[in-house]
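# Observations on the three-dimensional arrangement
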Amino acid sequence: KEDFLLTSHILVIAEKPSVAQSIAAVLGAREKKDGFIEGNGYLVSWCVGHLVGLAEAAAYGEQYKKWSYDSLPILPQEWKYTVAADKKAQFDTLKDLMHRDDVSEVVNACDAGREGELIFRFVYEVAGCKKPMRRLWISSMEDEAIRDGFSHLKDGRDYDPLFASALCRAKADWIIGINATRLFSCLYNHTLNVGRVQTPTLKMLVDRDAAITTFKKEKYYHVRLMLPGAEAVSERLPAADEARELKTACEASQAVCASVVKEQKTAAPPKLFDLTSLQREANRIFGYTAKQTLDLAQALYEKRLLTYPRTDSSYLTDDMGDTAAGILTMLCGKLPFMEGVALTPEVSRLLNSKKVSDHHAIIPTMELAKTDLSGLPETERNILTLAGARLLMAAAEPHTFEAVTAVFECAGQTFTAKARTVLSDGWKGLERRYRATLKTKPDPEDDGESGLLPGTLSFSEGQTFDSPTAKVTEHDTTPPKPHNEASLLSAMERAGNEETDPDAERRGLGTPATRAAVIEKLVKGGFVERKGKQLIPTKDGINLVCVLPEALTSPKLTAEWENNLTQIAKGKADPDAFMGGIEEMAKGLVKSYPFLSDEKKDLFKPERAELGKCPRCGSPVYEGKKNYYCSNKECNFTMWKNDRFFEERKVNFSPKIAAALLKDGKAAVKKLYSPKTGKTYEGTVLLADTGGKYVNYRVELPKKRK
């Protein structure tokens, strides 16, 4: 027994190899082996993201291999798991390590959150491990944070409810995703991916597109009074003649200052970044997609330069005051735009443990102090500097200004002039300095004070102006803008929030970590396309939203799920009851859609491009998989792609050649192979159709020169 204690090891499993390396270095494990690192009483290994997942539907029986309406709904009673084929070697390594006699316990060091719990537990369960397990829960990969985390390891079983909620989420997404996708794909004979998060996201894009398409531009008018040092503007007027009449009346009247109101206003500093706000800002400033920003933030986290990125919190915990103050001091000396700035940071505003769930806000780490910024790739440097600038702004003084509003009466109408004077630049001064370093200047965000012109208004109540000069300005109402990633991420974050419990772990559509992947999936599936920064739904995307029931296109489903999953994670709700409700929903969905009319079935049929007219009957000719065929079912004109004439001459019978034959009865072909000479030559292929079952062709040779 004594001998065993001397050689027993603790197995630590991280989510990614780079994280495992950082942990191993802190624990003193130095010896690299195949798939793990050993030393100082530890074996440190890693998953590679999701090593184990829920098996595909086909694993539950032959009848599910083909997609058919009759096999639905698919509701596994005993769930099956599968190891990703390309990750099997690493799974086998972990399984062997878990079953080693000298391993006394296993530490779950996967990312601290619902999905990290799922990744570890799937491996632990499928490997059949029964060893005691403990949990590492940290938000930063800095050495000190890792050391501190290992001195406060929790009992792994304390996280059973979190695992139960993660498992329910995975199974529910599987049941609704697979049944809905197969159901609508079978009905419409076209692959239609349906998902709890991606379908409501698609609907937001479709709704915005519809609002733009149906928008009718309308003209409106303002009358402006030219007063000393100011321009006073009327309310919006719908008709040009009404505006002209008011202008004429004003110029023949007296304008009286009815009121002058001075207000001191404050623009509070911005909050620290959570993942979604970082993605939005990086999209706005650099044009990065949500996925690019997440990948860059993850790379910086693994280099220990940034804290954990998959967070939905914009605060630090109450005990991080000194850490934040140290990082702020370091940033003042490190970031070039801070040169010569005296900052007295207000750190207390950044701290609120009650508003931090799994992980605190994203900030740079002290590791940056000894890092040469110029040595980082430009994209990573951009994200790291952006996070640093946001921390500095969040800790800076508020921006204060005096807003003056002067109201005038003239010809029975009200006119308003506004101005503002900056009293203290505060955080906006830092923002300006940071923006000045950017290659491309982003559009300024509307802070609600855009109508205020810099300057002051020196008017007093009762002051009069005789026959003021006036002018009419013409304007157009503007349609809503198409979504870009920044605005879509905001909409996803807010979706269904009114139905979601305030303490739900996840709010909105998707998680901060999955929103980027959802957008990519919609683009890849052909339901959305990128046009510059804009995200535009395709015809298939619009049709899909139109044919699905509201239950699948509304964010309410996600809100209900998240409320339940939050209660399950707290141990206050029954996972089996939740899954029972999901199964009933899948059954109801299949029952609601037993069949479709022929007209509806063809909704997603790809639009066929006409190659030309049939030489026999004049109907359109289309390209099929193996042929070019006449669309008239009575006519049997068909040109086969593998026709012996073209195969013997080693020519690919392309749509271009087919179109030329239909249009002119002939097509110029560059490389015709001659079986007699073994050489290639240039010639013209003629369509020699005799009206029989097969179409004939012949070569017209170039005329010999005399």
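Further up the page is the structure itself.
Description of the structure in this document. Predicted model, so just to flag it, every value in this text is computed and none were measured. (Residues numbered from 1 in each chain as written. Predicted model: local features only at pLDDT ≥ 70, side-chain atom pairs only at ≥ 80, totals over all residues. Heavy atoms only, no water.)

In this section: the pattern of salt bridges. Throughout the structure, instances matching the rule amount to 41 salt bridges. Linking Glu 251 and Lys 247 is a salt bridge whose minimum nitrogen-to-oxygen distance equals 3.2 Å. Highlighted residues: Glu 251 and Lys 247, both in helix 8 (residues 240-251), separated by 4 residues, approximately one helical turn. Its relative accessible area of 30% is what places Glu 251 among the partly exposed residues. (Salt bridge = Lys/Arg side-chain N within 4 Å of Asp/Glu carboxyl O. Helix = DSSP H or I, 4+ residues; strand = E, 2+ residues; numbered from the N terminus. Buried < 20%, exposed > 50% of the residue type's maximum accessible area, 1.4 Å probe, protein only.)

Look at helix 11 (residues 321-334): 20 Å from first C-alpha to last across 14 residues, which is about the 20 Å you get at 1.5 Å a residue. All of the buried residues in helix 11 are Gly 321, Ala 324, Ile 327, Leu 328, Met 330 and Leu 331. Taken together, the buried residues of helix 11 touch helix 12 (378-394). (Expected span 1.5 Å × (residues − 1). Contact = heavy atoms within 4.5 Å.)

Looking at where Ala 394 falls in the secondary structure, it is placed in helix 12. Residues Ala 394 and Val 103, 291 residues apart in the sequence, show an inter-C-alpha distance of 46 Å. Not counting residues up to four positions away in its chain, the partners in contact with Ala 394 are Pro 269, Pro 270, Lys 271, Leu 272, Arg 349 and Leu 350.

Our next topic: the nonpolar core. The biggest cluster of nonpolar side chains holds 86 residues, and the ones touching the most others in it are Trp 174, Ile 175, Phe 184 and Phe 578. When residues of this core are assigned to their parent elements, the largest contribution, 16 residues, is made by helix 6 (residues 160-188). Setting aside chain neighbours within four positions, we find Phe 578 in contact with Cys 168, Ala 172, Trp 561, Asn 564, Leu 565 and Ile 568. In this structure, Phe 337, Leu 343, Leu 350 and Leu 384 belong to the second largest nonpolar core, which totals 49 residues. (Core = buried A, V, L, I, M, F, W, Y, C linked by side-chain atoms within 4.5 Å.)

Attention shifts here to the sheet that holds strand 20 (residues 612-613). Ordered by their spatial adjacency, 4 strands build an open sheet running 20-21-22-23, and the pairing between neighbours is antiparallel. Looking at which strands have only one partner, the edges of the open sheet turn out to be strand 20 and strand 23 (638-640). Pairing geometry for strand 21 (residues 620-623) and strand 22 (residues 627-630), over 3 bridges, is antiparallel. Bridge assignment links Tyr 622 to a residue of strand 22, and that residue is Tyr 629. (Pairing = 2+ DSSP bridges.)

Moving on to the sheet that holds strand 9 (residues 154-155). Strand order in the open sheet made by the 7 strands is 2-3-4-1-7-8-9, with mixed pairing throughout. Across the chains shown, the open sheet's two edge strands, defined by having one partner strand only, are strand 2 (31-33) and strand 9. As paired strands, strand 7 (residues 103-109) and strand 8 (residues 133-135) are joined by 3 bridges and run parallel to one another. Bridge assignment links Asn 108 to a residue of strand 8, and that residue is Arg 135. Against the sheet, helix 4 (residues 114-126) touches strand 1 (9-14), strand 7 and strand 8, its axis set at about 170° to strand 8. (Axes fitted to C-alpha atoms, helices over the stretch in contact; angles between N-to-C directions.)

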